[in-house]
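Overview (structure and organization)
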Amino acid sequence: MTLKAVKGFKDILPEEARKRQRIEETARQIFEGCGLEEIRTPILERTEVFARGIGEHTDIVEKEMYTFEDRNGQLLTLRPEATAGILRAVIEHKLYNKSPLLKLYTVGPMFRHERPQKGRLRQFHQLNVEYIGSSSPLADAEVVFLAYEIVSKFADQDDLILEMNSLGCPKCRPLHRKDLVLFLKNNVEDFCEDCQRRAGLNPLRVFDCKNEECQAVLKFAPVIKHYICPECAIHMGKVLDALEAFEIPFVQNAYLVRGLDYYKRTTFELKARGLGAQSTVAAGGRYDGLSSLLGGPDLPGVGMAVGVERLLLLMKEELAPRRADLFIAALGDEARTEALYWIGYLRRQGLKVEYSLEDKSLKAQMKQADKAGARYCLIVGEREMDEEEAILRDMKTKEQEGIDLDDLPEILVEKIKSQGDE
RNA sequence: GUGGGCGUAGCUCAGUUGGUUAGAGCGUCGGGUUGUGGCCCCGGAGGCCGAGGGUUCAAGUCCCUCCGCUCACCCCA
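Quick summary incoming for the structure in this document. As the structure is a prediction and not an experimental result, all values here were calculated from the model. (Residues numbered from 1 in each chain as written. Chains lettered and ligands numbered in written order. Predicted model: local features only at pLDDT ≥ 70, side-chain atom pairs only at ≥ 80, totals over all residues. Heavy atoms only, no water.)

Within this structure, the stated rule accounts for 4 aromatic pairs. Ring geometry for Phe31 versus Tyr105: centroids 4.7 Å apart, planes at 35 degrees, classification tilted. Placement of Phe31 in helix 1 (residues 14-33) and of Tyr105 in strand 5 (residues 102-111) is noted, with a sequence separation of 74 residues between them. Tyr105 sits in the buried class, given a relative accessible area of 1%. Among the aromatic residues, those joined into a ring-pair cluster are Phe9, Tyr66 and Phe111. (Phe/Tyr/Trp six-rings, centres within 6.5 Å; stacked < 30°, edge-to-face > 60°. Helix = DSSP H or I, 4+ residues; strand = E, 2+ residues; numbered from the N terminus. Buried < 20%, exposed > 50% of the residue type's maximum accessible area, 1.4 Å probe, protein only.)

What follows concerns the protein's contact with RNA strand B. In the region of RNA strand B, 48 residues are neighbours, and Arg198, Arg205, Arg383, Met395 and Lys398 sit closest. With respect to RNA strand B, the side chain of Arg120 contributes an N or O atom lying 2.8 Å from a base oxygen. Gln400 places a side-chain nitrogen or oxygen 2.9 Å from a base nitrogen of RNA strand B. Broken down by secondary-structure element, the contributors of at least two residues to the surface near RNA strand B are helix 3 (59-64), strand 6 (123-132), helix 7 (193-201), strand 10 (280-286), strand 11 (301-307), helix 13 (362-371), helix 14 (382-387) and strand 15 (389-394). With 6 residues, helix 13 is the largest single contributor of residues to the surface near RNA strand B. In the surface near RNA strand B, the residues fall into 13 nonpolar, 9 polar and 26 charged. (Near = heavy atom within 4 Å. Polar contact = N/O pair within 3.5 Å; in protein donor to acceptor, adjacent residues only side chain to side chain. Nonpolar A, V, L, I, M, F, W, Y, C, P; charged D, E, K, R; others polar.)

Strand order in the open sheet made by the 8 strands is 1-5-6-11-10-9-7-8, with mixed pairing throughout. Across the chains shown, the open sheet's two edge strands, defined by having one partner strand only, are strand 1 (37-38) and strand 8 (251-252). Examined bridge by bridge, strand 1 and strand 5 share 2 bridges and lie parallel to one another. What sits directly across from Glu38, in strand 5, is Tyr105. Each of strand 7 (160-166), strand 8, strand 9 (264-272) and strand 10 touches helix 9 (residues 230-245); the most contacted strand, strand 7, lies at about 160 degrees to it. (Pairing = 2+ DSSP bridges. Contact = heavy atoms within 4.5 Å. Axes fitted to C-alpha atoms, helices over the stretch in contact; angles between N-to-C directions.)

Together, Glu334, Glu382, Asp386, Glu387, Glu388, Glu389, Asp404, Asp406, Asp407 and Glu410 make up a negatively charged patch on the protein surface. Counting residues per element, the negative patch draws most heavily on helix 14, which supplies 3 residues. Among the secondary structure elements, Glu382 is positioned in helix 14. (Patch = residues over 30% accessible without salt bridge, like charges linked within 9 Å, V, L, I, M, F, W, Y side chains within 5 Å. Areas by Shrake-Rupley, 256 points an atom, 1.4 Å probe, with all protein chains shown as cover. Salt bridge = Lys/Arg side-chain N within 4 Å of Asp/Glu carboxyl O. Lys, Arg positive; Asp, Glu negative; His and termini not counted. Charge placed at Lys NZ, Arg CZ, Asp CG, Glu CD.)

Another aspect to go through is the layout of surface pockets. The space that makes up the second largest pocket amounts to roughly 320 Å³. Forming the boundary of the second largest pocket are 13 residues, of which Arg173, Arg177, Asn202, Leu204 and Asp261 lie nearest the centre. Tallying contributions element by element places helix 6 (residues 173-186) first for the lining of the second largest pocket, with 3 residues. Broken down by class, the residue content of the lining of the second largest pocket amounts to 5 nonpolar, 4 polar and 4 charged. (1 Å grid on protein atoms, 1.4 Å probe; cavity = no way out; pocket = protein on both sides within 12 Å on 5 of 7 lines; lining within 4 Å. Points joined across faces, edges and corners; volume = space filled by probe spheres on them.)

Right, let's get into unusual backbone geometry. Even without being a glycine, Lys94 presents a positive backbone phi close to 50 degrees. Checked against the element boundaries, Lys94 lands in the loop between helix 4 (83-92) and strand 5. A positive phi angle, near 60 degrees, is found at Glu247, a position not held by glycine. Locating Glu247 in the fold gives a position in the loop between helix 9 and strand 8. What makes Glu247 exposed here is its relative accessible area of 70%.

What follows covers the sheet that holds strand 12 (residues 326-330). Strand order in the open sheet made by the 5 strands is 13-12-14-15-16, with mixed pairing throughout. What marks the edges here is a single partner per strand, and that holds for strand 13 (353-355) and strand 16 (400-404). Here the average twist between neighbouring strands, direction ignored, is 25 degrees. With 3 bridges joining them, strand 12 and strand 13 adopt parallel strand pairing.

Taken as a whole, this structure holds 15 salt bridges when the rule is applied. A salt bridge links Asp159 to Arg273; the nearest nitrogen and oxygen atoms lie 3.5 Å apart. Placement of the pair is Asp159 in the loop between helix 5 (137-154) and strand 7 and Arg273 in the loop between strand 9 and strand 10, with a sequence separation of 114 residues. Judged by relative accessible area, which is 56%, Arg273 ranks as exposed.

Counting residues in hydrophobic clusters, the biggest one holds 52 residues, and the most contacted among them are Val90, Ile132 and Phe191. Counting only elements with at least two residues in this core, the list comes to helix 2 (47-54), helix 3, helix 4, strand 5, strand 6, helix 6, helix 7 and helix 8 (212-218). When residues in this core are grouped by element, the largest group, 6 residues, is from helix 4. Apart from residues no more than four positions distant in its own chain, Phe191 is found in contact with Phe183, Leu184, Gln196, Cys214, Val217 and Leu218. Grouped together as the second largest cluster of nonpolar side chains are 45 residues, Val151, Ala155, Met164 and Leu275 included. (Core = buried A, V, L, I, M, F, W, Y, C linked by side-chain atoms within 4.5 Å.)

Let's shift gears to empty space enclosed by the protein. Counted according to the given criterion, the structure contains 1 cavity of 30 Å³ or more. Here the largest cavity defines a volume of roughly 30 Å³. Considering the residues around the largest cavity, the lining is formed by Leu87, Ile132, Tyr287, Asp288, Leu290, Ser291, Leu299, Pro300 and Gly301. Class assignment for the residues of the lining of the largest cavity results in 6 nonpolar, 2 polar and 1 charged.

Strand 10 sits mainly inside the fold: 7 of its 7 residues count as buried. Pairing geometry for strand 9 and strand 10, over 6 bridges, is antiparallel. Bridge assignment links Lys264 to a residue of strand 10, and that residue is Arg286. Across 5 bridges, the pairing between strand 10 and strand 11 is antiparallel. Residue Ala282 lies in a different strand from strand 11, and its bridge partner there is Val306.

Shape is all these values report; function is a separate question.
Written out as structure tokens, the structure reads:
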């Protein structure tokens, strides 16, 4: 029995790692360009951080967290999402005293013990953004903007759909919730088993049900939109106006809800065709009460997460093959030793130089040069050593020229670097 | 946790009504004269046919159990 990775945990092999590098590079560029700063918090937190932050009765906390006791009997959890940990760090280090608005991003693995399927792993990765300290609807719009910008860099815009909704606030939400619960109670018979269960735990969730009969009944259910207080309505209006100004297309979905308790007001999901059942590639919303829930000051906040694995699924473009600037094919011990000196020098000059670790035939070395995508191949054997002139072959044009051994590295640097600028 | 689909070389897959040494393409390595890559040609390596039982003279092929992968429910990024 060979050893295998744990279920839902995947090895990221070189080809995929390169794609992820591209995604992260692009994201960082966009984040930094918008004035965000990176924060990195631990993957492990005290269970409390998530239990209080995410909500005791959410599925995540109830049955999906990797929670265990360490050697001292302390309850720890592998983070299932990023926001709670970041808030914990912001509060712990009183970062809010340094600036009234913190614009933070982080990239890294999250862990949830769910059954794996397309676009869903137990260890998965997110690009995360948090705007902490601002109640402005523009903060909400910025966060949506960032999600949209990143995703649309890798996905066809026609395949994307941005859904917006407002969940209301502690003032107006309870009214809706009360009426909704009442409605569900009065119509219990018409709902599927799942919905009947949801009604007790997280009533908003029934709106997510895929059952057609449930959806038919839900047409008559109280919708948040009609309960929202003037403040929330104005906030929502400003967010949507800003999105229009940003030229980001969206639709309003009155049934859009969130799985985490801490969300208030703005909530959104960016969905994509071609992802399978897990169609959400990015999502987020406002979480004004979270900071105080975690024992910090009453800081407003809004954030979002992009699912990296899902983005990977959408990423169609093939990566450019790797390219070496130069491959050095050396024949014989003397040439080889000299070649090593050149290789060290050239690499320190920033050139991508490869060569064969094994003592192979010239033909085999040329093949290797080809596989490395080398633009040039330098050939040096006994003959060249005697004549004090190595052969430089342009792999594309097949043209060859002699290079004087005396100041060979300098000549190569100049030649290859000037080529690269063209 | 509940369903469906699938497990044969590194990868994608063939494998006839059960029948002898399990195949192909791609990849990989080597060769096609003395020191020159890609294309082409030739050759090599590489499989407890997911595991364990059973039926049979005979199992990759049939039956059972388990394991794994996968898609969907659920939930969510």
